[in-house]
Amino acid sequence: QVQLVESGGGLVEPGGSLRLSCVASGFTFSSNDMRWYRQAPGKERELVATITSAGGSTSYAGSVKGRFTISRDNAKNTVYLQMNSLKPEDTAVYYCRWYVYWGQGTQVTVSS
């Protein structure tokens, strides 16, 4: 069965960095685009970043462009989200997604 397991969230001060990881199993990871989403309290889930199957193309929400970087290691079935210059408004639960499948999410809190 498909599994997506996120990790790497936590509490960080404004301006800090975190790297999220999502380990995938149950499908051919290297043949599929992957996405990171986030959901802040009281808000709808939003798409943060997308990466194509071989990692050759990426795209970002305007609110994170220039601060976040999505990448992948197909040998490890893992997709990453490097988040730099974090802001309080980045506080959310972050999810990775493939097709209709979602991970359980990892909490990111940006606060001093």
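Predicted, not measured: the structure shown is a model, and the values here were computed from it. (Residues numbered from 1 in each chain as written. Predicted model: local features only at pLDDT ≥ 70, side-chain atom pairs only at ≥ 80, totals over all residues. Heavy atoms only, no water.)

Participant: Please provide a residue-by-residue account of the side chain of Arg72, values included.
Facilitator: Locating Arg72 in the fold gives a position in strand S7 (residues 68-73). The side chain of Arg72 is buried and forms no salt bridge, while Asp33, the nearest opposite charge, is found at 5.4 Å. Within the structure, Arg72 has its side chain in polar contact with the backbone oxygen of Thr52 (distance 2.9 Å). (Helix = DSSP H or I, 4+ residues; strand = E, 2+ residues; numbered from the N terminus. Buried < 20%, exposed > 50% of the residue type's maximum accessible area, 1.4 Å probe, protein only. Lys, Arg positive; Asp, Glu negative; His and termini not counted. Salt bridge = Lys/Arg side-chain N within 4 Å of Asp/Glu carboxyl O. Polar contact = N/O pair within 3.5 Å; in protein donor to acceptor, adjacent residues only side chain to side chain.)

Participant: Talk me through the pattern of salt bridges; I want residue IDs and the actual numbers.
Facilitator: Under the counting rule described, the total for this entry stands at three salt bridges. When the shortest N-O distance is used, the salt bridge between Arg38 and Glu46 registers 2.6 Å. For Arg38, a relative accessible area of 6% puts it in the buried group. Among the residues examined, Glu46 registers a relative accessible area of 32% and is labelled partly exposed. Linking Arg38 and Asp90 is a salt bridge whose minimum nitrogen-to-oxygen distance equals 2.9 Å. A residue pair is termed long-range when its members are at least 10 positions apart, and Arg38 in strand S4 (residues 34-39) and Asp90 in the loop between strand S8 (78-83) and strand S9 (92-98) qualify at 52 residues. As far as the burial class goes, Arg38 and Asp90 line up, both buried. Salt bridges linked by common partners bring Arg38, Glu46, Arg67 and Asp90 together as one network.

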